[in-house]
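Architecture at a glance
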Amino acid sequence: NWTDFPKGHRVAFLREERRKDPAAARALLEAVFKSEPAAMRAELLAALDVALRADDLPFLESLSVDRAESVRSVASRLSAMVPDTPAYASRLTEAGRCFVRSDSGVSGILERVGLASPSQVVFKPPIATTDQRALLAGLFEGFSPAEIAGAAGLLTAQVIGALPEGIVIEALCGRA
């Protein structure tokens with residue numbers, strides 16, 4: 001029985017099951033969820049990030065009233081990672097706004113019509129009032145450079161070239 005495994009093994013098992021059959025793995029989790037302590041519920045819930053999809057939303061939304069803040073936080077984060085939802089689109093738009101062209105004017109016009117090389121793109125993160133690393137990790141988690149480039153109206157190579165070292169690249173690696 002998978003519920004007898006040590007914590008790390010249970011999370012790994014659930015992730016592997018999500019790769020095979022996301023709905024069946026979610027059903028396994030739902031069956032034992034309420035009987036688990038808060039810390040374990042949060043860690044098991046985080047395993048739903050594998051093959052996350054719209055079918056998971058009802059379960060995630062039901063956890064918005066969970067007694068543990070850690071579970072509510074993970075459920076909220078996962079809900080914002082489900083493609084084709086307003087929260088996902090909002091995050092993607094905000095992530096795209098972090099990449100801006102460093103020049104405009106005549107060279108920008110020439111570039112748009114194919115008569116000049118692409119302008120330099122720079123990374124301008126949103127201003128954080130608290131932890132900048134956490135803000136950036138949450139903003140870019142689950143996106144690919146191609147999705148961000150599409151949202152920003154840039155080439156994927158431009159986005160990749162402007163990526164800063166550190167947390168943003170780490171967040172994008174989760175999707176890879």
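All values derive from a computational prediction rather than experimental measurement.

**Regarding the overall build of the protein**
Across its full length, the protein carries eleven helices and two strands. The N-to-C order of helical and strand elements in the protein reads α-α-α-α-α-α-β-α-β-α-α-α-α. The buried share of the protein, taken over its 176 residues, is 39%. Relative to all contacts within the protein whose residues are 6 or more apart in sequence, the contacts with residues 24 or more apart total 64%.

**Remarks on unusual backbone geometry**
The phi dihedral of A51 is positive, around 60°, even though this residue is not glycine. Summarising the element assignment, A51 is placed in the loop between helix 3 (38-46) and helix 4 (57-62). Its relative accessible area of 36% is what places A51 among the partly exposed residues.

**Brief notes about the confidence of the model for the protein**
In this model, the protein carries an average pLDDT of 89, and 90% of its residues clear a pLDDT of 70 or more. Here helix 7 (residues 106-112) stands out as the element of the protein with the lowest mean pLDDT, 59, in contrast to helix 2 (residues 22-32), whose mean of 97 is the highest.

**Some thoughts on the pattern of salt bridges**
Counting across every chain of the model gives 13 salt bridges. The salt bridge involving D49 is made with R15; its shortest N-O contact spans 2.6 Å. Note that D49 is positioned in the loop between helix 3 and helix 4 and R15 in helix 1 (residues 7-20), a separation of 34 residues in sequence. When its relative accessible area of 28% is taken as the criterion, D49 is described as partly exposed. Between R26 and D56 there is a salt bridge; the shortest N-O distance is 2.5 Å. A residue pair is termed long-range when its members are at least 10 positions apart, and R26 in helix 2 and D56 in the loop between helix 3 and helix 4 qualify at 30 residues. The exposure class assigned to R26 is buried, which follows from its relative accessible area of 12%. Classification of D56 by relative accessible area gives buried; the value is 0%. Among the ionic contacts, a cluster of salt bridges with common partners joins R18, R26, E30 and D56.

**As for helix 5 (residues 69-79)**
All buried positions along helix 5 are accounted for by V71, V74, A75, L78 and S79. When helix 5 is viewed along its axis, its buried side chains cluster within an angular range of 135° and face the same direction.

**Concerning the nonpolar core**
Generally speaking, nonpolar side chains in soluble globular proteins are found buried as a group. Judged by nonpolar contacts, the single largest core of 26 residues is most densely connected at L29, L45, L60 and L78. No other element matches the five residues that helix 3 contributes to this core. Once you skip the residues sitting within four places of it in the chain, L60 turns out to touch L45, L48, L52, A75, L78, S79 and V82. Of all hydrophobic cores here, the second largest spans 21 residues; its members include L92, V121, F140 and A171.

**A short note on helix 1**
The first and last C-alpha atoms of helix 1 sit 20 Å apart over 14 residues, in line with the 20 Å expected at 1.5 Å per residue. Among all positions in helix 1, only R10, V11, L14, E17 and R18 are buried. Down the axis of helix 1, the buried set is contained in an arc of 125°. They therefore lie on one face. Relative to its buried face, helix 1 has exposed residues pointing more than 90 degrees away, namely G8, H9, R19 and K20. The elements touched by buried residues of helix 1 are helix 2 and helix 3.

Cut-offs and rules
Residues numbered from 1 in each chain as written. Predicted model: local features only at pLDDT ≥ 70, side-chain atom pairs only at ≥ 80, totals over all residues. Heavy atoms only, no water. Helix = DSSP H or I, 4+ residues; strand = E, 2+ residues; numbered from the N terminus. Buried < 20%, exposed > 50% of the residue type's maximum accessible area, 1.4 Å probe, protein only. Contact = heavy atoms within 4.5 Å. pLDDT = per-residue confidence, 0-100. Salt bridge = Lys/Arg side-chain N within 4 Å of Asp/Glu carboxyl O. Arc of directions from axis to C-beta. Core = buried A, V, L, I, M, F, W, Y, C linked by side-chain atoms within 4.5 Å. Expected span 1.5 Å × (residues − 1).

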